[in-house]
Amino acid sequence: MKIINDQKGFTTSILLLILLIPVFLLLVITIDEYSHNVNNTVENLESNQIKSISEDFENEILIVTKESLHNITYDIVTSKRSVTDKDTIRRYIQNRINEKEIHYNNNFLIDCEIKDLKSSDNPFKIELYYLLVVSTKDNKIKNSKNEQKLVEITDKRFPVYDPLPTLKTGATLNGNYLEYGNQLSGHININNPDAYLNTIQSIIIKECPLSDYSQHGNSNETILSCLNNHYYHNSHDGMCIFCRLENKTNCNHFGFETLIIPTKLSDDAPASIDHVLLNDINNQYPGNLVSIDNNTFLYLDNGHKSKYGL
């Protein structure tokens with residue numbers, strides 16, 4: 001190529017090259033920055049999607065747990081066979097979660113391990129422990145959550161049945177009510193067991209709305225509302241949901257109790273508390289007559305009279 005010199009001795013070709021270099025560099029930087037922004041945008045979108053999917057799936061975990069407890073307790077009261085241990089419940093929930101993982105979202109990987117179930121300080125809730133991992137298929141973006149959640153067992157959408165009355169007496173479920181016939185009185189081993197002949201009891205676990213249980217004695221309407229709705233109450237002596245599922249009457253956890261309405265009038269009879277009547281012989285004890293109205297009465301010991309303000 002012929003080199004053309006200007007008056008100052010600089011070549012036109014060199015000047016053009018010098019001028020083109022920054023343009024080229026600017027173009028490279030612009031392309032790189034654009035590519036970087038695109039990648040960041042994609043990653044931000046995927047990260048936000050993962051966060052949203054994690055939150056949605058955590059809600060699914062809670063729903064599956066409630067639904068599982070509903071199914072398990074219903075199966076127990078209809079089959080009259082107990083769950084032998086808490087891990088059986090955990091595995092049942094895990095299997096249901098595994099099904100959700102497969103069908104939830106094809107664009108992301110979801111892995112959830114149900115690690116444990118425990119009783120809580122509130123007997124109407126259980127502690128659920130799980131590990132949830134949601135990631136992109138290339139595993140570049142991942143969200144891991146090792147969580148402990150409280151799950152209520154009194155959700156009206158998924159009613160939980162009390163399995164203990166059926167397991168202890170063999171009584172039959174009719175709708176949401178247990179018809180004892182002579183099976184409860186046959187389980188009682190102290191005087192006047194026939195006070196509970198033909199008793200009928202609702203066995204869906206519902207928490208009493210009164211925080212101060214002594215208010216039951218404020219009026220007949222208050223105690224009758226509790227008895228007719230068959231509410232359950234916090235109790236140090238009562239069994240938690242897991243001990244009830246395992247057919248136990250000795251429980252080291254904070255549990256609950258309910259009142260069972262007798263059918264025959266007497267001066268005294270076995271105390272009208274479920275963990276007394278359903279206990280295995282050694283912890284059954286009597287109570288004195290407490291009249292609510294002309295048709296309704298209970299048998300309570302001094303401690304439970306005071307607890308319920310009666």
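Counting of residues starts from 1 at the beginning of each chain's written sequence and follows it residue by residue. Local features in a predicted model are, by the rule used here, given only for residues with pLDDT of at least 70; side-chain atom pairs are given and counted only at 80 or more, and totals for whole chains, interfaces and linings are based on all residues. Hydrogens and water are ignored here; the side-chain numbers use all heavy atoms of the structure.

Draft legend 1. Representation of the overall build of the protein in the model. Only DSSP runs of H or I covering at least 4 residues are called helices, and only runs of E covering at least 2 are called strands; the numbering of each starts at the N terminus. Assigned secondary structure in the protein consists of eight helices and eleven strands. Here the protein holds 310 residues, and the buried ones make up 42% of them. Contacts are residue-level and defined by heavy atoms, with any inter-residue pair within 4.5 Å sufficient. If you take every contact in the protein between residues at least 6 apart in sequence, the share linking residues at least 24 apart comes to 62%. For accessible areas, the Shrake-Rupley method is used with a probe of radius 1.4 Å. Any residue's cover is judged against the shown protein chains and nothing else. Carbon and sulfur atoms form 49% of the exposed surface of the protein, whose accessible area is close to 17,000 Å². Relative accessible area decides the class of each residue, using a 1.4 Å probe on protein chains only: under 20% of the type maximum gives buried, over 50% gives exposed, and in between gives partly exposed.

Draft legend 2. Structural view of the sheet that holds strand β6 (residues 200–202). Ordered by their spatial adjacency, three strands build an open sheet running β4-β5-β6, and the pairing between neighbours is antiparallel. Whereas interior strands pair on both sides, the edge strands pair on one side only; in this sheet they are β4 (172–174) and β6. Each strand of the sheet is rotated relative to its neighbour by a mean of 35°, with strand direction disregarded. A pair of strands counts as paired when DSSP detects no fewer than two bridges linking them. Across three bridges, the pairing between strand β5 (residues 177–179) and β6 is antiparallel. The residue of β6 that forms the bridge with glutamate 179 is isoleucine 200. Only the contacting stretch of a helix is used when fitting its axis, a line to C-alpha atoms as for every element, and angles between N-to-C directions run 0 to 180 degrees.

Draft legend 3. Region of interest: the sheet that holds strand β2 (residues 125–136). Sheet architecture is open: three strands sit in the order β1-β2-β3, paired in antiparallel fashion. At either end of the open sheet lies a strand with only one pairing partner, and these are β1 (108–119) and β3 (142–152). Going from strand to strand, the sheet's axes swing by 15° on average, the running direction of each strand aside.

Draft legend 4. Representation of the packing of aromatic side chains. Here is the rule: rings of Phe, Tyr and Trp (six-membered ring for Trp) pair when centre to centre is within 6.5 Å. Planes less than 30 degrees apart are stacked, more than 60 are edge-to-face, and the remainder are tilted. Scanning the entire structure with this criterion turns up five aromatic pairs. Here tyrosine 232 and phenylalanine 256 contribute two aromatic rings whose centre-to-centre distance is 5.5 Å and whose plane-to-plane angle is 90°, an arrangement assigned as edge-to-face. Of this pair, tyrosine 232 sits in strand β7 (residues 232–235) while phenylalanine 256 sits in strand β8 (residues 255–258), and the two are 24 residues apart along the sequence. Neither residue differs from the other here; tyrosine 232 and phenylalanine 256 are each classed as buried.

Draft legend 5. Inspection of the nonpolar core at higher detail. We define a nonpolar core as any set of buried Ala, Val, Leu, Ile, Met, Phe, Trp, Tyr and Cys residues linked to one another through side-chain atoms lying within 4.5 Å. Within the largest apolar cluster, 57 residues are counted, with the highest numbers of intra-cluster contacts made by Ile89 and Ile241. Among the nonpolar cores identified, the runner-up in size contains 16 residues, and Tyr231, Ile273, Val290 and Ile292 belong to it.

Draft legend 6. The arrangement of the side chain of asparagine 279 in detail. Here asparagine 279 lies in the loop between α7 (274–277) and β10 (286–291). Apart from the residues within four sequence positions on either side, asparagine 279 is in contact with His187, Thr249, Asp274 and Gln284.

Draft legend 7. Seen up close, the pairing of β8. The alternating pattern of β8 places Gly255 and Glu257 on one face and Phe256 and Thr258 on the opposite face, and all of these are buried. Pairing of β7 with β8, which is carried by four bridges, proceeds in the antiparallel orientation. Looking at the pairing, tyrosine 232 lines up with threonine 258 of β8.

Draft legend 8. Region of interest: the environment of asparagine 288. Topologically, asparagine 288 is positioned in strand β10. Along the backbone, asparagine 288 and alanine 271 are 17 residues apart, and their C-alpha atoms lie at a distance of 7.6 Å. In contact with asparagine 288, other than residues within four places in its own chain, are Asp267, Asp268, Leu298, Tyr299, Leu300 and Lys305.

Draft legend 9. Spatial organisation of the side chain of aspartate 162. Examined against the element boundaries, aspartate 162 turns out to sit in the loop between β3 and α3 (164–169). Any pair of N or O atoms that falls within 3.5 Å is considered a polar contact. Within protein, one atom must be able to donate a hydrogen and the other to accept it, and sequence-neighbouring residues count only if both atoms are side-chain atoms. Side chain to side chain, aspartate 162 and tyrosine 232 meet in a polar contact 2.9 Å long. A polar atom in the side chain of aspartate 162 sits 2.8 Å from the side chain of arginine 244. Discounting chain neighbours no more than four positions away, the residues touching aspartate 162 are Val77, Ile203, Ile205, Tyr232, Arg244 and Asp274.

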